[in-house]
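Residues per chain, in single letters:
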Amino acid sequence: MPVPLPLILLRAAVLSPLKRPRPDAAPPSTRLTLTTTPDPDHLAAYEEICGFEAGDALPLTYPHVLAFPLAMRLMAARDFPLPLLGLVHTSIEITQYHPLPRPTSGSEQLQLTVHTETLTPHHRGTEATLTTEASLHGELLWHSRSTYLARHRTNTPKPDTPSTTPGAPARNWPLPADLGRRYAAISGDRNPIHLHPLTARPFGFPRPIAHGMWTIARCAAEHGTGEGVGGEGAAYLKAEFKAPVPLPSTVTYTAHGPSAFELRSSTGRPHLTGTVTREPSAAPPSGLQDPPTRNS
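These notes cover the structure that comes with them. Small disclaimer: the values here were computed from a predicted structure and weren't measured.

**Points about the overall build of the protein chain**
Now for step 1: Check the secondary structure of the protein chain and you find eight helices and eleven strands.
Now for step 2: Accessible area of the protein chain: about 13800 Å², with a carbon and sulfur share of 53%.

Right, here's the structure in full:
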């Protein structure tokens, strides 16, 4: 039986203060798996808050949400070397080899698997890379790699950031103060940095910040990556979260040609940069299709 998310968060609250992040720590070998059928009502709520139009396939970013309870269990476990509370999502790569069908009566069940790939030093702390896979009938259809940052003092130098020239603003989005709480109710990600100023301040944020996965999903929806790229076939999406999006605030979405996009603050500060293409860069890696070692 899956562990309820409130209990996972309670365990994280107990263990997080005891963990001391180190980039040279060994990533846990645990692989968690879950078999599930997407709930139509939950999917509709996700599409509404992220701006996706309903189509025949799942939105490109939705499998990440389905697998989120597994990722939470993995990162809340005693052997995960970073404290779950306060982790910041810094990047994501999604490769879709074939659209995942929208749930109908008698829908096939998806198999979701999550494991920790690496731990690496970051100029603001230590990053963990988590891999998520979604399969149907034993065939890998979708996988992602996400990096999560535990902030702490470090001697790692900050990499050079290439300058970008903003394009013509496409859309201004006013983001309400309760966006983090609303998205948390759907995604299950109740990290305190997203919920309220009082819960965000202990982790260095004067105000709550928007979920990284909401920002990339909203950009993908605006780009047409729901029924467009994500709904018609293979796709590859890559995004980097450059700076947190405080709530409330107003942000500007800008498209650069057919594949690139970005999200900036009202003062021009980049929050997110991303690209999306209609074809993945390679065939499904055979190593990702190994059977998981532990069931949820």
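From this point, the discussion proceeds with the structure in view.
**Things to note about helix α4 (residues 68-76)**
Now for step 1: Across the nine residues of α4, eight count as buried, placing the element largely inside the fold.
Now for step 2: All of the buried residues in α4 are F68, L70, A71, M72, R73, L74, M75 and A76.

**Quick look at the packing of aromatic side chains**
Now for step 1: Inspection of every chain in the model, using the stated rule, returns five aromatic pairs.
Now for step 2: Residues Y46 and Y183 carry aromatic rings whose centres are separated by 6.5 Å and whose planes lie at 50 degrees to one another, so their mutual orientation is tilted. Of this pair, Y46 sits in helix α2 (residues 40-50) while Y183 sits in helix α5 (residues 179-187), and the two are 137 residues apart along the sequence. An identical accessibility class is assigned to Y46 and Y183; each is buried.
Now for step 3: When the centroid spacing of 5.5 Å and the interplanar angle of 15 degrees are considered together, the rings of W173 and Y253 count as stacked. Taken together, the residues span a long stretch of sequence, with W173 in strand β6 (residues 171-175) and Y253 in strand β8 (residues 249-256) at a distance of 80 residues. Here W173 and Y253 have matching classes, each one buried.
Now for step 4: Through successive ring pairs, a cluster of aromatic residues spans Y46, F52, Y62 and Y183.

**Focus: the environment of E108**
Now for step 1: Tracing the chain through its elements places E108 in the loop between β2 (88-96) and β3 (110-122).
Now for step 2: When its relative accessible area of 45% is taken as the criterion, E108 is described as partly exposed.
Now for step 3: Those residues in contact with E108 that lie beyond four places of it in its chain are T37, L136 and H137.

**A short note on the nonpolar core**
Now for step 1: Of all hydrophobic cores here, the largest spans 65 residues; its most connected members are Y46 and L130.
Now for step 2: For Y46, the contacting residues outside a window of four places in its chain are F52, P59, T61, Y62, V65, Y183, I186 and A217.
Now for step 3: Core analysis: the second largest hydrophobic core is formed by five residues, V88, A200, F205 and I209 among them.

**What to know about the side chain of S91**
Now for step 1: Mapped onto the elements of the fold, S91 is located in strand β2.
Now for step 2: You can call S91 buried: its relative accessible area is 18%.
Now for step 3: A polar contact of 2.6 Å, which involves the side chain of S91, links it to the side chain of T147.
Now for step 4: Once residues within four sequence positions are removed from consideration, S91 is found in contact with R145, S146, T147, A239, E240 and F241.

**Topic: unusual backbone geometry**
Now for step 1: The residue after L247, namely P248, is reached through a cis peptide bond having omega -5 degrees.
Now for step 2: Within the secondary structure, P248 sits in the loop between β7 (235-241) and β8.

**Focus: the pairing of strand β9 (residues 260-265)**
Now for step 1: Within β9, five of the six residues are buried, leaving the element largely enclosed by the surrounding structure.
Now for step 2: Note: β8 against β9, six bridges, orientation antiparallel. Bridge pairing in β9 places V251 opposite S265.
Now for step 3: In this structure, the hairpin formed by β8 and β9 is closed by a connection of three residues, where G257 is found at a positive phi of approximately 75 degrees.
Now for step 4: Pairing between β9 and strand β10 (residues 270-277): five bridges, direction antiparallel. Bridging across to β10, A260 finds its partner in T275.

**Side note on the pairing of β2**
Now for step 1: The buried count for β2 comes to eight of nine residues, which makes it a mostly enclosed element.
Now for step 2: As paired elements, β2 and β7 share six bridges and run antiparallel to each other. Across the sheet, residue E93 finds its bridge partner in β7, namely K238.

**Brief notes about the pattern of salt bridges**
Now for step 1: One pass over the structure, following the stated rule, counts eight salt bridges.
Now for step 2: Linking R171 and E222 is a salt bridge whose minimum nitrogen-to-oxygen distance equals 3.3 Å. Of this pair, R171 sits in strand β6 while E222 sits in helix α7 (residues 212-223), and the two are 51 residues apart along the sequence.
Now for step 3: For E222, a relative accessible area of 23% translates into the label partly exposed.
Now for step 4: Via salt bridges that share partners, R171, R218 and E222 belong to a single interconnected network.

The rules behind these values
- Residues numbered from 1 in each chain as written.
- Predicted model: local features only at pLDDT ≥ 70, side-chain atom pairs only at ≥ 80, totals over all residues.
- Heavy atoms only, no water.
- Helix = DSSP H or I, 4+ residues; strand = E, 2+ residues; numbered from the N terminus.
- Areas by Shrake-Rupley, 256 points an atom, 1.4 Å probe, with all protein chains shown as cover.
- Buried < 20%, exposed > 50% of the residue type's maximum accessible area, 1.4 Å probe, protein only.
- Phe/Tyr/Trp six-rings, centres within 6.5 Å; stacked < 30°, edge-to-face > 60°.
- Contact = heavy atoms within 4.5 Å.
- Core = buried A, V, L, I, M, F, W, Y, C linked by side-chain atoms within 4.5 Å.
- Polar contact = N/O pair within 3.5 Å; in protein donor to acceptor, adjacent residues only side chain to side chain.
- Pairing = 2+ DSSP bridges.
- Salt bridge = Lys/Arg side-chain N within 4 Å of Asp/Glu carboxyl O.

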